[in-house]
Amino acid sequence: MRAIDHHAWTNRWRDRHPAEKLAPAGGLLLLSLVAPPLTTGPLILASTTLVTVRGAGVPLRTLLQVLATPAAFLLAGVPFLAVSVDFANGFSLQLSSAGLHMALETTVRALAAVSCLAFLTLTTPLADLVPLLRRVGVPAGIIELILLVYRLIFLFAERALTGRQAQAARLGYTRLDRAIYSMGLLAGNLFQRALAQARRMEVGLAARGYTGELRVLRLEQTLSWWRLTASMVSIGLIGLAGNLLACGWL
Amino acid sequence: MSPPPLLAVRRLEYAYPGGIVALHGLDLTIERGRKLAILGPNGSGKTTLLLHLNGTLRPGGGEILLDGRAVAYDRRVLDQWRRRVGLVLQDPEDQLFAATVGQDVSFGPLNLGLSEAEARQRVGEALTALDIASLADRATHNLSFGQKKRAAIAGILAMRPEILVLDEPTAGLDPQGVNQLLEALQQLHEAGTTLVFSTHDVELAYGWADQVAVFHDGTVLAQGDPDAVLGDRTLLRQAHLQPPLLLELAQLLEAGQGEPGRPQPRSREALLARLRERLRDRSA
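Predicted, not measured: the structure shown is a model, and the values here were computed from it.

## What about the pairing of strand β8 (residues 194-199) of chain B?
Residues and elements named next belong to chain B.
Then step 1. In terms of burial, β8 is a largely internal element, 6 of the 6 residues being buried.
Then step 2. A two-sided burial pattern is seen for β8, the buried positions comprising T194, V196 and S198 on one face and L195, F197 and T199 on the other.
Then step 3. As paired elements, strand β3 (residues 35-39) and β8 share 5 bridges and run parallel to each other. Paired with I38 across the two strands is S198, which belongs to β8.
Then step 4. Pairing between strand β7 (residues 163-167) and β8: 5 bridges, direction parallel. Bridge pairing in β8 links D167 to S198.

Laid out in C-alpha cells, this is it:
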C-alpha cells in the first residue's frame, strides 16, 4: 500500500489533471466489461501496462505486485467456474469446454478491469481525485470521511508496524499462541489509540477554527483537452480492434 | 495607566474528571511582543495550561482575561479568541489532516472566511516563513517529523494569530531542526507576534526567551526576567529544575571580578567570547 501511494505521489504523470487519468481508466474499465473479453481484454491489459510503465514511469515490478493479489484470487476461482456440478443423476462433477471457456473469459475480463484501476491508483493520489468527486456531487460528509480515513490509515499502519516490531523485539511472535495473544493486545491498543487520537485531533482542528466542515484549497491543475480526446480516441480504437478480432475480420 | 496585558490568567483552577488536580491557583501574564517560556518538568500540567489559553479547556475556577476583559465560552467569543490565540500542539499528527501540506495549511484561512485567492496567498506566506514552500504539494504523511512540525506551525501561522502558543516546540527535533525552528520563530517575533512556548529545557528557556515562568505542581512559582528567575537556586530546586549551564559558567567567570551592569552572556557564542577575553587578560 505504501508503494502504491509512493508512486501515486511521485510518478511522471503526477501533475497531470486527474480527469486525464480518471477518464481513460474509467473508459477502459467500461470497455473491459462490455467488449468481447478474449480479444479486447489482452489489448486493455497491454495498453494499461504500457501507459503505467512507459508513460507514468512506474516500475513494471510494482505494477505486477499490485496485480498479483487480485490475480491470485482470480486463479483460485477458476476451478469453480470451469467445473460444473450436476445433481440430475446423483452427483457428478463435469469439466466442460463451455465451463473452461467461461472461466477463461471471466479471468481475462477481470484482470483487464483490475489493470485499469491499478493504472489509476498508481498514477493519481487520492488528494487529486477528491475534487472530482466533489464536482460530480458526492456529499461533503462522505468526502471528508474519505480524506480522514486516508490520512489515518497511514498513521495507524505506521503505529501498527512499530507496535509489532516492539512486540517482536520482546519475542512476542515466536510461538503461535503467543503470536495470537500479541496480535490481540496490539489490536486493542490500536483501538484505544485511535480513540485518543481522534479526541486530540478534535482539539487540534478546533484550534484552527473548525466548525464542522473540512474545507481546503483545490489543487491547481489544468486540463489538457488534447490529451483527454486522444485517450478517448485510443479507447475507441481498442474497442474497435477487439470487436473486429473477435469477429475474425482482422 | 498602562494598557492591560494581551492575555492574563488569574487564580486558575482545573481538575480533570476523576478529581486529579492539574492547575491550582495559577497566575500568568502574557505581554504583547514577548517571548515567554513556560518552564517545568514533563507531566507537570503545562499542556493543560496551554489548552486553557485558547479556550479548549474551561477552568474550574479563576478567570482568563483577553485585553483585560474576562472571556466567555460561547461560540462567537471562542471564534474570536482562537483567531487571536493560535495553539500548536506538541504532536503534529494531532493537527495535520489534509492530504497535502498546502491544503492542510489552507484549512485555517478558509475557516476565517477568506476567499480562495486570499487563502492561497496566506498559505504561501506561512510556508515561506517556515522555509517549507517547496513542500506545498507533498503528501502530509511522507514528511519527516521536523517537516510535519513546521507544517503544523504553518497551519496556525496562516491564520495570523497575535499570540502563537507552542507546546514543546523543540521536542523530538534534531539540533539542526531546533535551530531552523528557532530561526523561523525569531522572525515571527521580530514581525510582532507574541510567542508563548512550554519546555522542560532550561537551556532553551534561558538562551532564547525574554521572559520565563517556572511551572510546578499546577501553579506558576515565578514569572520574570530569565537571569533573575533562573539564577534563583532555591526556586529552581523547588521546581525540580537545574540552573542553566550557561548561567552557572558565566557566574563562575564573573565571581570575584564582577563587572556590574555588564549583561550575562546568553548564548554559547557570547559565553565563549567572554571566556576568550578572560584568558587573554590573564596571559597579558
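Moving on from the coordinates now.
## So, the interface of chain B and chain A
Then step 1. Taken residue by residue, the interface counts 37 residues in chain B and 31 residues in chain A.
Then step 2. Together, the buried faces of chain B and chain A total about 3200 Å²; carbon and sulfur atoms form 55% of this surface.
Then step 3. Counting the surface chain B buries against chain A, the share from its top three residues, B:F97, B:F107 and B:H141, is 23%.
Then step 4. On inspection of chain B and its partner chain A, the count reaches 4 salt bridges.
Then step 5. Note that B:E93 is salt-bridged to A:R151, the shortest N-O span being 2.6 Å.
Then step 6. Across the chain B-chain A interface, the total number found is 12 residue pairs in polar contact (both at pLDDT 80 or more).
Then step 7. Elements with a minimum of two residues in the side of chain B that touches chain A: α2 (75-84), α3 (101-111), α4 (116-129) and α5 (145-157) of chain B.

## Remarks on the domain arrangement of chain B
All names here are of chain B.
Then step 1. Domain assignment breaks chain B into domain 1 (7-97 + 161-243) and domain 2 (244-284).
Then step 2. In this structure, domain 1 and domain 2 have C-alpha centres spaced 31 Å apart.
Then step 3. Residue-level contacts link 13 residues of domain 1 with 9 residues of domain 2.
Then step 4. For the domain 1 and domain 2 pair, buried surface summed over both sides reaches about 890 Å², with 49% attributable to carbon and sulfur atoms.
Then step 5. Where domain 1 meets domain 2, there are 1 salt bridge.
Then step 6. Across the pair E248 and R233 runs a salt bridge, and its minimum N-O distance is 3.1 Å.
Then step 7. Summed over the shared surface of domain 1 and domain 2, the number is 5 residue pairs in polar contact (both at pLDDT 80 or more).

Analysis parameters
- Residues numbered from 1 in each chain as written.
- Chains lettered and ligands numbered in written order.
- Predicted model: local features only at pLDDT ≥ 70, side-chain atom pairs only at ≥ 80, totals over all residues.
- Heavy atoms only, no water.
- Buried < 20%, exposed > 50% of the residue type's maximum accessible area, 1.4 Å probe, protein only.
- Helix = DSSP H or I, 4+ residues; strand = E, 2+ residues; numbered from the N terminus.
- Pairing = 2+ DSSP bridges.
- Contact = heavy atoms within 4.5 Å.
- Buried area = accessible area lost by both parts, 1.4 Å probe.
- Salt bridge = Lys/Arg side-chain N within 4 Å of Asp/Glu carboxyl O.
- Polar contact = N/O pair within 3.5 Å; in protein donor to acceptor, adjacent residues only side chain to side chain.
- Domains from an automatic or database assignment.

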